[in-house]
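The chain contents come next:
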Amino acid sequence: MKLSKTQFRKDFEQSLTSEFATDVAKAGITETFAALSSVVKQYYTQIWQGDNQYKDRSQKKQTYYFSIEFLPGKMLKSNLLNLGILSTVREGLQELGIDLEKVAQVEPDMAIGNGGLGRLASCFMDSAASTGLPVNGNGIRYRYGLFKQKIIDGYQVELPDSWLNNVNPWEVRRADKAIEVTFGGETWLEETEDGRLIPRYRNQERVLAVPYDTAMVGFENTRVNNMCLWRSEVPQDLDVKFQNMEYMRQTSMLSAELYPDDSNYDGRLLRLKQEYFFVSAGLQRIIRHYKSNKIAPIAQIADYIAVHINDTHPALCVPEFMRLLLDENGLSWEQAWDITVKVMSYTNHTILSEALEKWPEEMVHTLLPRIYQIINEIDKRRTDELLPHVGAELIHKTRIVKDGQIHMANLAIIGSHSTNGVAKLHSDILKDVELHDFYQLYPERFNNKTNGIADRRWLQISNARLSKLLDEKIGKSWRHDLVKLEALKDFREDTETLKQLAAVKLENKKDLAALIKEKNGIEVNPEAIFDVQIKRLHAYKRQLLNVLHILKLYFDIKDQPDLEMVPRVFIFGAKAAPGYHYAKAIIKVINEIAVMINEDAVVKDRLKLVFMENYNVSLAEAIIPAADVGEQISLASKEASGTSNMKFMLNGALTMATLDGANIEIKEACGDENIFIFGLTKDEVYEYYKNGNYNARDIYEQNPVVHRILNAFIDGTIPNITNEGPEIFESLTAFNDEYFLLRDFNDYVRAQKDLENLYRDQRAWAQASLMNIATSGIFSSDRTIRQYAKDIWFIEEKSEEV
Ligand code: 9GP
């Protein structure tokens, strides 16, 4: 949009007056943020309304992306960038003596997600709008986002993230579009006069779902999509028998918290309820809009909408859509099923069994009686249809209802026309191993869509220095098409460019060093290698392997106090799931080792270990531009894709990687010489599984370096880990090291040595860094979302000529 500084200043000052009866001189920072965001919102609402009208008028097919997680982070700068007014506003504010960066800090991170799954969903929202694709989000408006992490005495402590304490300026409450979702009660089928069976219900619990819409503004275009988040409320006209405090409490709990503790029955029930809640509300809204807009007869709805099931949490979309088509729109089973399969598509984001949800039949039956009937009918009809053609064993293995449980991944695959993995290796594992039985039955449904990242946030916004340098060197076209970064390759031998790149990195490192000083009180040397591992804390991601290597370096220094080495700063950021005891033990251990190393006078400047508290999107934006190395060291086969690997690459960090997830494609893109690869391959891991011949204890006994490092966990070398040390020690020895850390240790040390050697040659390092940036274009989520649009959803980009 076009905006002059004068106009902006006028709008902003007016907003301060009308919203807070104050002015620039008197306004507090929260008021400044609120007034500014309100102006920004006014700027895009017209475009939003216009695009909504365009969508209604043109009646082009739209996608609805159902996800239990979204992780947008802060939205102010992203909205300004996409509206094309970031520098105007920055300068306008400067003239008023206001620093945009400080104001932007006030916005709480919208952290209604946990990790990669939610962040990917938000990258997709940004990319869809920016490429002009009509893709709308559908999720839950959690009152409390992912917990705030405090580190107290080295331990993770979880505090509530009340991100809604101050109003959320971006959302629009649409009370008029509220929808009722029902649970429990009794249901039975009654025959109508024309012989149809229709369901009847009694004693259901009613919950009101109120949508909150947030604009997803496209980058310098006229597309504004919608992210709809549902809040649970008590219906106004509630039956007297339900009017009690327990019911009120339960209703508000539905949209209170992301991933409620599922270690007990009530917690699990609540999760299932949440899943049905946002699925049912979302689908009802879509059908209502379809009908009120008189788009076409309901039987043609598959030509106008696509519904995406992001991981298994929204898999109830399949039976709920069936219910709506059958019970509320009078379609036949055959018609409804045909439409449902055409409309639905599913992405699998992990092979970890804990994430492939299963619900006890009895729970689904009690909570969702009609849905339970439909699921059973789907299962039965499919069995009857396939049995004559394929063996009973294959049918059994792929059943939705078996062993007293409803298998959600099976439901999602059977009820949709597309199942994709999120990196080539992961998609192959799905086809060949994890979902092989389904692949035999429905080969045409399986495909790969390698993940991507929204480069606007992860480069343009978070790394202004690098962005500026890129503009100077190769022009600005990369801002619209990331593959254009390829042009940077021409500068591989250009000494000046290499120096400038290194200078940008150094400045970013100085900023991060200042942040570390402020947050952790630790002084780090910006000239050191900044080696970073930021992601959820999970055993398969092997933060512990990184720790073992850090301990090795520490003992090397202790053994040879004059050891000459390139100084290293190891930086961690990670949250552990509240109930994940082992992951929390690792956090404690990292923090205790940090104290041990950072306070040891012998170490001096050579080694520093920093655990940054409360890892979230904003912290990632501060850390990644300053990283020299990104650690992507999961056990091969376990990380479906990873997306921070792409963010590091884009920002010129080199990757320390196993051949897992998207690391493999990163290696193919940047070239073997610009990445550090180590460790078992996926096939070698599977070979061990097959033969059962891995013996971690042998490595511990026979490798003196490993022996010494592991002993440090139990012999008092690392202080204050009386409980955690032995737990970790046992996991790596007595419990045979589930994720093969000890097996990969030597090779990891070798790769780390290679890394250090390359870093000594600053020119060669800068060249490798440049090659990473130049070849990162294919990891833009604009590419990914276009592939989904073309291959799975069959939707079109909006032409800006319209
Ligand atoms: O663990 C995967 C991660 O590898 C992937 O990059 C991300 C997005 O596809 O999804 C993660 N999975 C989950 O968060 C839960 O399935």
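Cut-offs applied
Residues numbered from 1 in each chain as written. Predicted model: local features only at pLDDT ≥ 70, side-chain atom pairs only at ≥ 80, totals over all residues. Helix = DSSP H or I, 4+ residues; strand = E, 2+ residues; numbered from the N terminus. Rg over C-alpha atoms; globule rule 2.2 N^0.38 Å. Contact = placed C-beta atoms within 7 Å. Pairing = 2+ DSSP bridges. Axes fitted to C-alpha atoms, helices over the stretch in contact; angles between N-to-C directions. Parallel < 35°, antiparallel > 145°, perpendicular 65-115°, else oblique. Left-handed = near helix turned anticlockwise from the far one by under 90°. Nonpolar A, V, L, I, M, F, W, Y, C, P; charged D, E, K, R; others polar. Near = placed C-beta within 6 Å. Domains from an automatic or database assignment. Buried ≥ 20, exposed ≤ 12 C-beta atoms within 10 Å, placed from the backbone. Core = buried A, V, L, I, M, F, W, Y, C linked by C-beta atoms within 7 Å. Arc of directions from axis to C-beta.

Turning next to the overall build of the protein. A tally of regular secondary structure across the protein gives 31 helices and 23 strands. For the protein, the C-alpha radius of gyration of 27 Å lies close to 28 Å, the compact-globule estimate for 802 residues. Projected onto its principal axes, the C-alpha coordinates of the protein cover approximately 95 × 70 × 55 Å. Relative to all contacts within the protein whose residues are 6 or more apart in sequence, the contacts with residues 24 or more apart total 75%.

Neighbouring strands of a sheet are bound in pairs by backbone hydrogen bonds; such pairs are parallel or else antiparallel. An order of β20-β19-β18-β21-β22-β23 is seen for the six strands of this open sheet, with the pairing classed as parallel. Of all the strands in the sheet, the pair left with one neighbour each is β20 (607–612) and β23 (676–677). Strand direction decides the pairing type here: strand β18 (residues 529–534) and strand β21 (residues 629–632), joined by two bridges, are parallel. Directly across from Val 532, in β21, lies its bridge partner Gly 630. This element, helix α19 (residues 495–520), spans β18 and β20 of the sheet and lies at about 70° to β20.

Moving on, we come to the packing of helix α20 (residues 543–559) against helix α29 (residues 741–760). Between α20 and α29, the shortest axis-to-axis distance is 10 Å and the interhelical angle comes to 55°. Relative to α29, α20 is oriented oblique. Considering the relative orientation of α20 and α29, their crossing is right-handed. Here α20 contributes Leu 544, Leu 545, Leu 548, His 549 and Lys 552 to the contact with α29, which in turn contributes Leu 741, Asp 744, Phe 745, Tyr 748, Val 749 and Gln 752. Among the residues forming the contact of α20 with α29, the class breakdown is seven nonpolar, two polar and two charged.

In the vicinity of the ligand there are 16 residues, among which Gly 116, Leu 117, His 349, Thr 350 and Ser 641 approach most closely. In the shell around the ligand, the residues fall into five nonpolar, nine polar and two charged. When residues of the shell around the ligand are sorted by domain, at least three fall in each of domain 1 (59–74 + 109–449) and domain 2 (460–681 + 741–778).

With antiparallel pairing, three strands are arranged side by side in an open sheet as β13-β15-β14. The open sheet has two edge strands with one neighbour each: β13 (358–360) and β14 (401–402).

By domain assignment, the protein separates into domain 1 (59–74 + 109–449) and domain 2 (460–681 + 741–778). The distance between the C-alpha centroids of domain 1 and domain 2 comes to 36 Å. Listed by contribution, the elements that provide at least two residues to the side of domain 1 that touches domain 2 are α6 (116–131), β3 (145–152), β4 (155–161) and α15 (424–434). In terms of residues, the side of domain 1 that touches domain 2 owes the most to one element, β3, which gives six residues.

This part covers the pairing of strand β2 (residues 135–140). Of all six residues making up β2, six are buried, and the element is well covered by its neighbours. Residues Val 135, Gly 137 and Gly 139 point to one face of β2 and Asn 136, Asn 138 and Ile 140 to the other, with burial holding for every one of them. Looking at chain direction, strand β1 (residues 62–66) and β2 are connected through four bridges and run parallel. Bridging from a neighbouring strand, Tyr 65 pairs with Gly 137 of β2. Where β2 and strand β10 (residues 224–233) come together, four bridges link them in parallel fashion. Bridge pairing in β10 links Ile 140 to Trp 230.

On to the nonpolar core. Within the largest apolar cluster, 230 residues are counted, with the highest numbers of intra-cluster contacts made by Cys 317 and Ile 593. Here the element with the most residues in this core is helix α21 (residues 581–598); it accounts for nine residues. Inspection of this core shows a minimum of three residues originating in each of domain 1 (59–74 + 109–449) and domain 2 (460–681 + 741–778). Each residue touching Ile 593, except ones within four places of it in the same chain, is listed here: Val 547, Ile 550, Leu 551, Leu 609 and Ile 718.

Our focus in this paragraph is unusual backbone geometry. Backbone phi values are negative for most residues with the exception of glycine, while trans is the configuration of most peptide bonds. Unlike most non-glycine residues, Asp 153 shows phi in positive territory, near 50°. Mapped onto the fold, Asp 153 is located in the loop between β3 and β4. The backbone phi angle of Asn 203 is positive, close to 55°, even though this residue is not glycine. Relative to the helices and strands, Asn 203 is located in the loop between β8 (197–202) and β9 (205–217). When the 11 C-beta atoms within 10 Å are taken as the criterion, Asn 203 is described as exposed.

With that settled, consider the environment of Tyr 700. Tracing the sequence through the fold places Tyr 700 in helix α26 (residues 696–702). Residues Tyr 700 and Ser 462, spaced 238 residues apart in sequence, show a C-alpha to C-alpha distance of 43 Å. Not counting chain neighbours up to four residues away, the residues in contact with Tyr 700 comprise Val 706, His 707, Leu 710, Thr 733 and Leu 742.

Before going further, it helps to spend a moment on the environment of Glu 738. Mapped onto the elements, Glu 738 comes out in the loop between α28 (724–732) and α29. Separated by 239 residues in the primary sequence, Glu 738 and Lys 499 have C-alpha atoms spaced 44 Å apart.

Regarding helix α24 (residues 663–670), the residues found buried are Asn 663, Ile 664, Ile 666, Ala 669 and Cys 670. Buried residues in α24 make contact with α15, β21, α23 (644–650), β22 (654–657) and α30 (762–774). One or two steps after α24, the chain reaches Gly 671, where phi turns positive at roughly 95°.

Assignment of secondary structure puts Met 649 in helix α23. Separated by 22 residues in the primary sequence, Met 649 and Ala 627 have C-alpha atoms spaced 9.7 Å apart. Filtering out sequence-adjacent residues up to four positions away, Met 649 remains in contact with Thr 655, Ile 666, Cys 670, Asn 772, Ser 776 and Phe 779.

Each pair of packed helices gets described by two things: the angle between the helix axes and the distance between those axes. Running from amino to carboxyl end, helix α9 (residues 317–327) crosses helix α10 (residues 333–343) at an angle of 140°, the nearest separation of the two axes being 9 Å. Here α9 is positioned oblique relative to α10, judged by the angle of their axes. When you trace α9 past α10, the crossing you get is right-handed. Here Val 318, Phe 321, Met 322, Leu 325 and Leu 326 of α9 lie close against α10, whose contacting residues are Trp 333, Ala 336, Trp 337, Ile 339, Thr 340 and Val 343. Residues that form the contact of α9 with α10 fall into these classes: ten nonpolar, one polar and no charged.

Below, the discussion takes up α28. All of the buried residues along α28 are Glu 724, Gly 725, Ile 728, Ser 731 and Leu 732. Buried residues of α28, viewed axially, fall in a sector of 135°; they line one side. On its buried face, α28 is in contact with α20, α21, α26, α27 (704–711) and α29.

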